[in-house]
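Close look at the chain arrangement
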Amino acid sequence: MTAVAKDVALVPVRASLGATMIYHGLQKLRGEGPKQTGEMFEGLGFKPGTTWAALTGLAEVFGGATAILGIGTRLGALAILGTQAVAVAKVHAPKGFSNVNGGFEFNLALMGIAAALLTAGPGRFSTHELVERSVARSWRGWALAPRRQSRALGLVKLLK
């Protein structure tokens, strides 16, 4: 598989994880979601429940948005891995593997995708790549460009 093919393959992966996590997170943030999720969190020992529900919802929306946009992807992947690991440990593991029985099958798939993005980054077809190229172009021709460009690109790479 060529490098371009691998980068192309990351696009639907990022889109599916991103859409799923945004939808999942917004359920905790809108309508009756904060109250219902907060009550569930309280029952699991996370207090105050509504605060933890909001933080979890925000982490999931953030993780989804970074996946779709392809910037801050690794940080978003960590957020997804964290929320899903807690969901598995506290809710789904006792119910077994099968998603039909409320098990961790779906969470495991989300975690696998997030782990792949954590490892690979967003790929060439991403907002991050556009920002990185833009920063590299903006430093061309400056007298002190090599050193400053290196620092600027280093900061941009942290957002991968």
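This text goes with the structure placed above it.
This write-up is about the structure you can find in this document. Quick caveat, the model's predicted, so the values are computed rather than measured.

Definitions and limits used
Along each chain, residues carry numbers from 1 onward, in the same order as the chain's sequence is written. With the structure being a predicted model, the display of local features is reserved for residues of pLDDT at least 70 and the display and counting of side-chain atom pairs for 80 or more, all residues being used for whole-chain, interface and lining totals. Side-chain measures here rest on the full set of heavy atoms in the structure, leaving out hydrogens and waters. Counting from the N terminus, the helices are the DSSP runs of H or I reaching at least four residues and the strands are the DSSP runs of E reaching at least two. Think of it in three bands: with a 1.4 Å probe and only protein chains considered, a residue is buried below 20% of the maximum accessible area for its type, exposed above 50%, and partly exposed in between. Contact criterion: two residues are considered in contact whenever any of their non-hydrogen atoms come within 4.5 Å of each other. One side-chain nitrogen of Lys or Arg within 4 Å of one carboxyl oxygen of Asp or Glu is enough to make a salt bridge. Two distance rules govern patches: like charges are joined within 9 Å, and nonpolar side chains (Val, Leu, Ile, Met, Phe, Trp, Tyr) within 5 Å, applied only to residues with over 30% relative accessible area and no salt bridge. With residues, only the protein chains shown are counted as cover, and all accessible areas are computed by Shrake-Rupley using a 1.4 Å probe. Every axis corresponds to a line fitted to the C-alpha atoms, with the helix fit spanning only the stretch in contact, and the corresponding angles, defined between N-to-C directions, vary from 0 to 180 degrees. An angle counts as roughly parallel when it lies under 35 degrees, as roughly antiparallel when it exceeds 145, as roughly perpendicular when it falls between 65 and 115, and as oblique in every other case. By the definition used in this description, the sense in which the near helix is turned from the far one sets the handedness, with an anticlockwise turn below a right angle giving left-handed and a clockwise turn giving right-handed. Under the grouping applied here, Gly and all other residues not named as nonpolar or charged are polar, the nonpolar ones being Ala, Val, Leu, Ile, Met, Phe, Trp, Tyr, Cys and Pro and the charged ones Asp, Glu, Lys and Arg.

With that settled, the discussion passes to the environment of V61. Within the secondary structure layout, V61 lies in helix 3 (residues 49–69). With relative accessibility at 21%, the residue V61 sits in the partly exposed group. Separated by 18 residues in the primary sequence, V61 and A79 place their C-alpha atoms 9.5 Å from one another. If we skip the residues at most four places from it in the chain, V61 touches M21, I22, G25, L26 and L29.

What follows is about the pattern of salt bridges. A complete count under the given rule lists four salt bridges for this structure. Measuring nitrogen to oxygen at the nearest pair gives 3.1 Å for the salt bridge that ties K28 to E60. You can see K28 sitting in helix 1 (residues 3–29) and its partner E60 sitting in helix 3, a full 32 residues away along the chain. Between K35 and E39 there is a salt bridge, and its shortest N-O distance comes to 3.5 Å. Of this pair, K35 and E39 both sit in helix 2 (residues 33–44), four residues apart, which is roughly one turn of the helix.

Taken together, the side chains of V4, V8, V11 and F125 present a nonpolar region at the surface, about 310 Å² in accessible area. On the secondary structure map, F125 appears in the loop between helix 5 (105–120) and helix 6 (127–138). With a relative accessible area of 41%, F125 lands in the partly exposed category.

Interaxial distance between helix 1 and helix 4 (residues 73–92) falls to 12 Å at its minimum, and their mutual angle equals 55°. Classified by the angle between their axes, helix 1 and helix 4 sit oblique to one another. Classified by chirality, the crossing of helix 4 by helix 1 is left-handed. Residues L17, M21 and H24 of helix 1 lie in contact with helix 4, whose contacting residues are I80, T83 and Q84. Residue composition of the contact of helix 1 with helix 4, by class: three nonpolar, three polar and no charged.

Attention now moves to helix 4. Those residues of helix 4 that sit buried are T73, G76, A77, A79, I80, L81, T83, Q84, A87, V88 and H92. If you follow the buried residues of helix 4, they end up packed against helix 1, helix 3 and helix 5.

As far as function goes, none of this settles anything; it's purely spatial.
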